[in-house]
Amino acid sequence: MGTVGAKDVPVLMSPDGLRIDGRREDEIRPIRIVAGALRQADGSAFVEWGHNKVMAAVYGPREVHPRHLQENHKAIVQCRYNMAAFSVDERKRPGLDRRSQEISKVIGEAFESVVFAEEFPRTSIDVYIEVLQANAGTRCAGLVAASVALADAGIPMVDLLPAVAVGKVAGEIVLDLKKEEDNYGEADLPMALVPQSGRLVLLQMEGHLTREELAKALDLGVQGCREVHAKMKEALRTRYAEGDGGAA
Ligand code: ADP
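Anyway, here's the lowdown on the structure attached to this text.

Parameters and conventions
- Residues numbered from 1 in each chain as written.
- Predicted model: local features only at pLDDT ≥ 70, side-chain atom pairs only at ≥ 80, totals over all residues.
- Heavy atoms only, no water.
- Helix = DSSP H or I, 4+ residues; strand = E, 2+ residues; numbered from the N terminus.
- Rg over C-alpha atoms; globule rule 2.2 N^0.38 Å.
- Buried < 20%, exposed > 50% of the residue type's maximum accessible area, 1.4 Å probe, protein only.
- Areas by Shrake-Rupley, 256 points an atom, 1.4 Å probe, with all protein chains shown as cover.
- Lys, Arg positive; Asp, Glu negative; His and termini not counted.
- Charge placed at Lys NZ, Arg CZ, Asp CG, Glu CD.
- Salt bridge = Lys/Arg side-chain N within 4 Å of Asp/Glu carboxyl O.
- Contact = heavy atoms within 4.5 Å.
- Axes fitted to C-alpha atoms, helices over the stretch in contact; angles between N-to-C directions.
- Parallel < 35°, antiparallel > 145°, perpendicular 65-115°, else oblique.
- Left-handed = near helix turned anticlockwise from the far one by under 90°.
- Nonpolar A, V, L, I, M, F, W, Y, C, P; charged D, E, K, R; others polar.
- Phe/Tyr/Trp six-rings, centres within 6.5 Å; stacked < 30°, edge-to-face > 60°.

Our focus in this paragraph is the overall build of the chain. Of regular secondary structure, the chain possesses 4 helices and 10 strands. In sequence order, the secondary structure elements of the chain are arranged as β-β-β-β-α-β-α-β-β-α-β-β-β-α. In terms of C-alpha radius of gyration, the chain reaches 18 Å, essentially the compact-globule figure of 18 Å for 248 residues. On the principal axes, the C-alpha backbone points of the chain span a range of 60 × 40 × 40 Å. Out of the 248 residues in the chain, the part that is buried amounts to 49%. Counting only carbon and sulfur atoms, one obtains 49% of the accessible surface of the chain, whose full area is about 12400 Å². Charged side chains of the chain number 31 positive and 37 negative; the gap between the two group centres comes to 3 Å.

Quick look at the structure:
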């Protein structure tokens, strides 16, 4: 990794428009999705996305805990996103910090908007996301893993939810930021959408973009989500073509 100017700041964009890992601005890091990666859960998926490694497990619809959260007319979706202590360079303090709570909330809300919750009154659909290795974009990787896990659990939904982050790095709008781009870039915009309608179910933004840059970023994100969606469908097809679900 080359450095310029301030100490330890990497060169994020080469003169011929290549990013720190050699990608073009509209390229996604390699993605591998295994549906049904765990035996004990009702549904599960493992996602490797660049250097991210994320496991998701889904249980339910089942009894609601704690009981007072129960809703008479629909299921609730409870999501817990957690980063393992060993998932980052410097040991992360274990447990749910504010960031994990925020991510759990926005991912849970994204799923609540696509799951046919009225079909399962007074129940809970529990989604667990464990980040084993993190390299930026873990909320998107986690959401993708959880979405495949929900489908694997047979939970009826409008559609799978692909997700990807777009952002601005060295003045360029780019798809799927890796760690250095997230750290030293100008903007980071994770998004998730319903593929058929294009309805956004998660959109967050850190940093600054002009109106034109935002429009360009959203277009690039939609394109990225389509690519991710194809990989999610392929993982489920592979799982069910194998009969009892291969990996686990
Ligand atoms: P996302 O992982 O969805 O991009 P953030 O933008 O909050 O979410 O985080 C970017 C990256 O920063 C993470 O993927 C991870 O590599 C790193 N990171 C986040 N939280 C911590 C932490 N507490 N300690 C060390 N690294 C962290």
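On we go.
The next point concerns the pattern of salt bridges. Within this structure, the stated rule accounts for 15 salt bridges. Here the residues in one salt-bridge network are Arg19, Asp21, Arg23, Arg29, Asp176 and Glu181, joined through shared partners.

We now examine the environment of Gly60. If you trace the backbone, Gly60 turns up in strand β3 (residues 52-63). The class for Gly60 is buried, based on a relative accessible area of 11%. Excluding residues within four positions of it along the chain, Gly60 makes contact with Asp42, Ser124 and Ile155.

As a further point, take the side chain of Asp152. Among the structural elements, Asp152 can be located in helix α2 (residues 138-152). Ignoring any residue separated from it by four or fewer positions in sequence, one finds Asp152 in contact with Gly36, Asp42, Gly43, Ser44, Leu236, Arg239 and Tyr240.

Taken N-terminus to C-terminus, the directions of helix α1 (residues 98-112) and α2 make an angle of 40°; their axes are 11 Å apart at the nearest point. Between α1 and α2, the angle falls in the class oblique. Here the hand of the crossing between α1 and α2 comes out right-handed. Residues Arg99, Glu102, Ile103, Ile107, Ala110 and Phe111 of α1 form the contact with α2, whose participating residues are Thr138, Arg139, Leu143, Ala146, Ser147 and Leu150. Residues that form the contact of α1 with α2 fall into these classes: 7 nonpolar, 2 polar and 3 charged.

Attention now moves to the packing of aromatic side chains. If you walk through the whole model with that rule in mind, you get 1 aromatic pair. Each ring, one from Tyr59 and one from Tyr128, has its centre 6.0 Å from the other, and the planes form 80°; the classification is edge-to-face. Linking Tyr59 in strand β3 with Tyr128 in strand β5 (residues 123-133), this pair joins segments that are 69 residues apart in sequence.

What follows is about the packing of α2 against helix α4 (residues 211-241). One can describe the packing of α2 onto α4 by two numbers: an axis separation of 11 Å at closest approach and a directional angle of 35°. Note on packing geometry: the crossing formed by α2 with α4 is right-handed. The residues of α4 that touch α2, namely those facing Val144, Ser147, Val148, Ala151 and Asp152, are Val228, Met232, Leu236, Arg239 and Tyr240. Each residue belonging to the contact of α2 with α4 can be placed in one class, and the counts come to 7 nonpolar, 1 polar and 2 charged.

On their own, these measurements won't tell you what the molecule is for.
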